[in-house]
Amino acid sequence: MSSKRILLLCTLLVLVLYVVEVRKESNISTVIPSIETTTNYDEGETVEKYIRTLDVTTLTGVNPVLGGNMYLTAVRVDTLSHTAVIEYEDGHIAGNASISYTFDSVTGGVTVVKVTPESTQ
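Treat the numbers as computed from the prediction; the structure is a model and nothing was measured.

Quick notes on the rules
- Residues numbered from 1 in each chain as written.
- Predicted model: local features only at pLDDT ≥ 70, side-chain atom pairs only at ≥ 80, totals over all residues.
- Heavy atoms only, no water.
- Helix = DSSP H or I, 4+ residues; strand = E, 2+ residues; numbered from the N terminus.
- Contact = heavy atoms within 4.5 Å.
- Pairing = 2+ DSSP bridges.
- Salt bridge = Lys/Arg side-chain N within 4 Å of Asp/Glu carboxyl O.
- Buried < 20%, exposed > 50% of the residue type's maximum accessible area, 1.4 Å probe, protein only.

## Describing the environment of Gly 108
Relative to the helices and strands, Gly 108 resides in the loop between strand S3 (94-104) and strand S4 (109-120). Counting along the chain gives 68 residues from Gly 108 to Asn 40, while the straight-line C-alpha distance between them is 8.4 Å. Sequence-distant contacts of Gly 108, that is, excluding residues within four places in its chain, are made with Tyr 41, Thr 46 and Phe 103.

As structure tokens, then:
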């Protein structure tokens, strides 16, 4: 083997060892790096805001009386069970209902799965 080849191989070996050592020290991954999402959706807040945009009469099937309008007085979201309890009224009658929903944490999308009116007074 010529001295030029030996010198080239030694140089290449030193370069490879250096790169390996630098990767160890800096934890540079040879795998595709993970991508962190910059948008974080708060499930409770997102679901409450969504429910507040819905028409209470359409949602519950309860019609207002004496020309009133149904409106929400409270929304309580349970993110562990993916349910919410709403309270509503029109000034003459009041009621509450349970809502089951799904939540997509990537898009922030909310889908109401089931609404169960519990009581109307």
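Resuming the write-up.
## Examining the pairing of strand S1 (residues 71-78)
Residues in a regular strand point their side chains to alternate faces of the sheet. With seven bridges joining them, S1 and strand S2 (residues 83-89) adopt antiparallel strand pairing. Looking across to S2, one finds that Val 77 is bridged to Ala 84. Hairpin connection from S1 to S2: four residues lie between these consecutive antiparallel strands, with His 82 at a positive phi of about 55°.

## Observations regarding the pattern of salt bridges
Evaluated as defined, the whole model comprises three salt bridges. Here Glu 48 and Arg 52 are joined by a salt bridge, their closest N and O atoms 3.1 Å apart. In this pair, Glu 48 and Arg 52 are both assigned in helix H2 (residues 43-53), four residues apart and thus about one turn of the helix distant. Its relative accessible area of 41% is what places Arg 52 among the partly exposed residues. For Arg 76, the salt bridge identified is with Glu 87, shortest N-O distance 3.0 Å. With Arg 76 in strand S1 and Glu 87 in strand S2, this residue pair connects regions lying 11 residues apart in the sequence. Judged by relative accessible area, Arg 76 falls into the partly exposed class, the value being 45%. For Glu 87, a relative accessible area of 29% gives the class partly exposed.

## Regarding the side chain of Thr 46
With respect to the helices and strands, the residue Thr 46 is situated in helix H2. On the accessibility criterion, Thr 46 (18% relative accessible area) is buried. Aside from chain neighbours lying at most four places away, what touches Thr 46 is Tyr 41, Phe 103, Gly 108 and Val 110.

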